[in-house]
Amino acid sequence: MERYKAICLDLDGTVYKGSQAIPESIAFIRTLQQSGIEPYFITNNSSRTGLEQQQKLKLLGVETTEKQIMTSAIASAKYCAQHYVGKSVQMIGESGLREALLNEGIRLVEADGDIVIMGIDHEITYNKLATACLSIRNGAHFLATNGDLALPNELGLVPGNGAFIELVKASTGVAPMILGKPQSYMLEFIQQQSGASKQEMIMIGDNYETDILSGIRFGIDTIHLQGGVTALDEVLAKLEHPTYMFKTLAEWNVES
Ligand SMILES: [Mg+2]
């Protein structure tokens, strides 16, 4: 397994669960770092900035740098910078998405954007949704950071970005292009950044429908971790299996 140079880990359900670190994953990351490999951290969560995500990891015992963190917000901003040069962006979202767009030098507007990007916004309003719908009806390209319909919090499952996308889609008849997992854009940007070949990349996660499918679509090896979103029997029932299926990352012996 020492052929992997870009080891990509999902965050929630893989490195931690909410505010609890997963000890075997933390130990695994430390072992990698001691052997000179800096893993990449991939999340569909577009609300946190790279720095906020780095600080959350630090609290849980993982020291890393912002450049090892890839969020659906960063991928959306990079996609816009590469494919829509000079276009204005109208966003629904939080600081993570705003900062990612500004880091790429993208011009943000409140209305009539050339592009509408939707990410999770805990302060979403009728007016923000209406303004997005008007721009899309006027021909704006419609992008979304991720399509997760429901998210876990302390109370249970609450609406995710995908639920608000459905509203805009229902009203306008336009479906967005989604940048987060299960699409493989985040992996593609990590490949660009790391220079690793696909044979040297691996995606590790607990959710078959997002983590594992993004890896399979990109054509790289995958590890499914149990104890998170997708149970082992559900994974085994799929037509395409992950490359490896582990209970925890303690099963991956880095030296072997
Ligand atoms: Mg997960």
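Worth saying up front: this structure is predicted, and the values here are computed from it rather than measured.

Rules used in this analysis
- Residues numbered from 1 in each chain as written.
- Predicted model: local features only at pLDDT ≥ 70, side-chain atom pairs only at ≥ 80, totals over all residues.
- Heavy atoms only, no water.
- Pairing = 2+ DSSP bridges.
- Helix = DSSP H or I, 4+ residues; strand = E, 2+ residues; numbered from the N terminus.
- Phe/Tyr/Trp six-rings, centres within 6.5 Å; stacked < 30°, edge-to-face > 60°.
- Buried < 20%, exposed > 50% of the residue type's maximum accessible area, 1.4 Å probe, protein only.
- Expected span 1.5 Å × (residues − 1).
- Arc of directions from axis to C-beta.
- Domains from an automatic or database assignment.

Q: I'm lost on the sheet that holds strand 7 (residues 107-108) in this one. Help?
A: Pairing between the strands of a sheet is mediated by backbone hydrogen bonds and can be parallel or antiparallel. Strand order in this open sheet of 5 strands is 7-6-8-9-12, and the pairing throughout is parallel. The open sheet terminates on both sides in strands that have one partner only, identified here as strand 7 and strand 12 (177-178). Alignment of strand 6 (residues 88-92) against strand 7, held across 2 bridges, turns out to be parallel. The partner of Ser88 across the bridge, within strand 7, is Arg107.

Q: Before we go on, may I ask you to explain the packing of aromatic side chains in this structure?
A: Ring pairs (aromatic) are described by centroid distance and by the angle formed between their planes. One pass over the structure, following the stated rule, counts 5 aromatic pairs. A centroid spacing of 5.1 Å and a plane angle of 40° characterise the contact between Phe28 and Trp252, whose relative ring orientation is tilted. Note that Phe28 is positioned in helix 1 (residues 23-34) and Trp252 in the segment after strand 15 (244-246), a separation of 224 residues in sequence. With a relative accessible area of 4%, Phe28 lands in the buried category. Here the aromatic rings of Tyr79 and Tyr185 are separated by 5.5 Å at their centres, their planes lie at 75°, and the arrangement is edge-to-face.

Q: Explain helix 6 (residues 161-172) to me, please; I cannot follow it from the model alone.
A: Helical geometry note: an α-helix holds 3.6 residues per turn, so side chains three or four residues apart project in the same direction. Over its 12 residues, helix 6 extends 17 Å from the first C-alpha to the last, a length consistent with the 16 Å expected when each residue adds 1.5 Å. Residues of helix 6 that are buried: Asn161, Gly162, Ile165, Val168 and Thr172. Relative to the axis of helix 6, the buried residues are bounded by an arc of 115° and lie together on one face. Of the residues one or two after helix 6, Gly173 is the one with positive phi, at around 75°.

Q: Explanation requested: the domain arrangement of the chain in the structure shown.
A: A common way to report how large an interface is uses the accessible area buried once the components associate. Segmentation of the chain into domains returns domain 1 (6-44 + 181-251) and domain 2 (85-178). Just the C-alpha atoms count here: the centres of domain 1 and domain 2 sit 26 Å apart.

Q: Could you clarify how one ought to interpret unusual backbone geometry in this entry?
A: Peptide bonds are trans in most cases, and residues, glycine excluded, mostly fall at negative phi. Cis geometry marks the peptide bond from Lys181 to Pro182, where omega comes out at 15°. With respect to the helices, strands and loops of the structure, Pro182 is situated in the loop between strand 12 and helix 7 (185-194). Backbone geometry places Asp112, a non-glycine residue, at a positive phi of 55°. By the secondary structure assignment, Asp112 is in the loop between strand 7 and strand 8 (115-118). Overall, Asp112 belongs to the exposed group, its relative accessible area being 61%.

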